[in-house]
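The chain contents come next:
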Amino acid sequence: MKKISRRKVIGLGVLGSFASVLGSGSLAKALALMPTPEETEGPFYPVKNQKDKDEDLTQINGYVDDASGQHIVVGGHVTDIYGNAVENTLLDIWQADANGRYRHPRDSNKAKLDQNFQGWAVIQTDEKGSFRFKTVMPGAYPASGTWIRPPHIHLKIFKPGYFPLTTQMYFPDQELNKKDLLLSQKSIIEQSAMMAREIGQQGNLIIYEYNVVLDLLRK
């Protein structure tokens, strides 16, 4: 018979007492993860369809040159609030290029558009809830005369049985994060949940981790 340590017995006893006080439903709620915070879609969601929407935004099919700027990889997992992997989740991803310009007809930014940057991807998580895409570090851009948006990536995330999520992913150690009118409205905990984490480098590629938590639809 497998022995259980005294520490574990005490831990299980405390957890059991906690469950008896709260009830099983309340305990599950107390242990649930915080859903990824929502954020505005913004004005530049793609309006013109394109053939190439794969996971590599740095290379457009049929183009010779790669997108300019710092190439990065973003990977992570989509889970529910109880930490269960959510497979076959649809991730709709769009962002500005390295110059801070969107591939959108209403973007008035005077920065030069990078014609080699795909700008938009639609991908799915695998059976483990994992996703991965290659892109460029988005450039900052003026949202108004006094407001410069920090580098960020937009995501819409869909899965039947879950609340659809529209959010924005930010990057750590960006000075503009402190002054952003959207990000600054979030609590410290919410900001942390919306922040990618730099986890390494492969050659010239910087690797970031970003995990998403979806809330369940309740009948």
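Residues numbered from 1 in each chain as written. Predicted model: local features only at pLDDT ≥ 70, side-chain atom pairs only at ≥ 80, totals over all residues. Heavy atoms only, no water.

## Structural notes on the overall build of the protein
Consideration 1: On a plain count of helices and strands, the protein comes out with three helices and eleven strands.
Consideration 2: For the protein, the N- to C-terminal ordering of α and β elements is α-α-β-β-β-β-β-β-β-β-α-β-β-β.
Consideration 3: Each of the 219 residues in the protein was classed as buried or not, and the buried ones make up 40%.
Consideration 4: For the protein, the share of sequence-separated contacts (at least 6 apart) that also reach a separation of at least 24 residues comes to 71%. (Helix = DSSP H or I, 4+ residues; strand = E, 2+ residues; numbered from the N terminus. Buried < 20%, exposed > 50% of the residue type's maximum accessible area, 1.4 Å probe, protein only. Contact = heavy atoms within 4.5 Å.)

## Some words on the confidence of the model for the protein
Consideration 1: On average, residues of the protein score 90 in pLDDT, and 85% of them reach the 70 mark or higher.
Consideration 2: The low-confidence segment residues 1–23 (pLDDT under 50) makes seven contacts with residues lying over four places distant or belonging to another chain. (pLDDT = per-residue confidence, 0-100.)

## A few points about the pattern of salt bridges
As a working rule, side chains carrying opposite charge can pair if their charged atoms are close by.
Consideration 1: Under the counting rule described, the total for this entry stands at six salt bridges.
Consideration 2: When the shortest N-O distance is used, the salt bridge between Glu39 and Lys186 registers 3.9 Å. You can see Glu39 sitting in the loop between helix H2 (24–31) and strand E1 (71–80) and its partner Lys186 sitting in the loop between strand E8 (165–170) and helix H3 (188–193), a full 147 residues away along the chain.
Consideration 3: Judged by its relative accessible area of 12%, Glu39 falls in the buried class.
Consideration 4: In this structure, Arg149 and Asp180 form a salt bridge, with 2.9 Å as the shortest nitrogen-oxygen distance. Placement of the pair is Arg149 in strand E6 (residues 148–149) and Asp180 in the loop between E8 and H3, with a sequence separation of 31 residues.
Consideration 5: The buried category is assigned to Asp180, whose relative accessible area is 0%. (Salt bridge = Lys/Arg side-chain N within 4 Å of Asp/Glu carboxyl O.)

## A word on the side chain of His71
Consideration 1: In this fold, His71 is placed in strand E1.
Consideration 2: For His71, the residues in contact, after removing those within four places along its chain, are Thr58, Asp66, Lys134, Thr135, Val136, Asn204, Leu205 and Ile206.

## A short note on the environment of Tyr210
Consideration 1: Secondary-structure assignment places Tyr210 in the loop between strand E10 (205–209) and strand E11 (212–214).
Consideration 2: Overall, the relative accessible area of 1% leaves Tyr210 in the buried class.
Consideration 3: Expressed as a C-alpha distance, the spacing of Tyr210 and His77, which sit 133 residues apart in the sequence, is 7.3 Å.

## Remarks on the packing of aromatic side chains
Aromatic ring pairs: the centre-centre distance and the angle between the two ring planes describe each pair.
Consideration 1: Applying the stated criterion across every chain, the model contains six aromatic pairs.
Consideration 2: Each ring, one from Tyr45 and one from Trp94, has its centre 4.7 Å from the other, and the planes form 90°; the classification is edge-to-face. Of the two residues, Tyr45 is situated in the loop between H2 and E1 and Trp94 in strand E2 (residues 90–94); the sequence distance between them amounts to 49 residues.
Consideration 3: Judged by relative accessible area, Trp94 falls into the buried class, the value being 1%.
Consideration 4: Residues Tyr45 and Trp120 carry aromatic rings whose centres are separated by 6.0 Å and whose planes lie at 70° to one another, so their mutual orientation is edge-to-face. Here Trp120 lies in strand E3 (residues 120–124) and Tyr45 lies in the loop between H2 and E1, a separation of 75 residues in the sequence.
Consideration 5: Here the aromatic cluster, defined as three or more aromatic residues joined through ring pairs, consists of Phe44, Tyr102 and Tyr141. (Phe/Tyr/Trp six-rings, centres within 6.5 Å; stacked < 30°, edge-to-face > 60°.)

## Describing the sheet that holds E8
Consideration 1: Taken in spatial order, the four strands make up an open sheet running E3-E2-E7-E8, and their pairing is antiparallel. Looking at the sheet topology across the chains shown, the edges are occupied by E3 and E8. Going from strand to strand, the sheet's axes swing by 25° on average, the running direction of each strand aside. (Pairing = 2+ DSSP bridges. Axes fitted to C-alpha atoms, helices over the stretch in contact; angles between N-to-C directions.)

## Focus on the pairing of E10
Consideration 1: The buried count for E10 comes to four of five residues, which makes it a mostly enclosed element.
Consideration 2: Direction of pairing for E1 relative to E10: parallel, over a ladder of four bridges. In the strand pairing of E10, Gly75 is matched with Glu209.
Consideration 3: Connecting strand E9 (residues 197–202) to the next strand, E10, in antiparallel fashion are two residues, including Gly203 with a positive phi near 60°.

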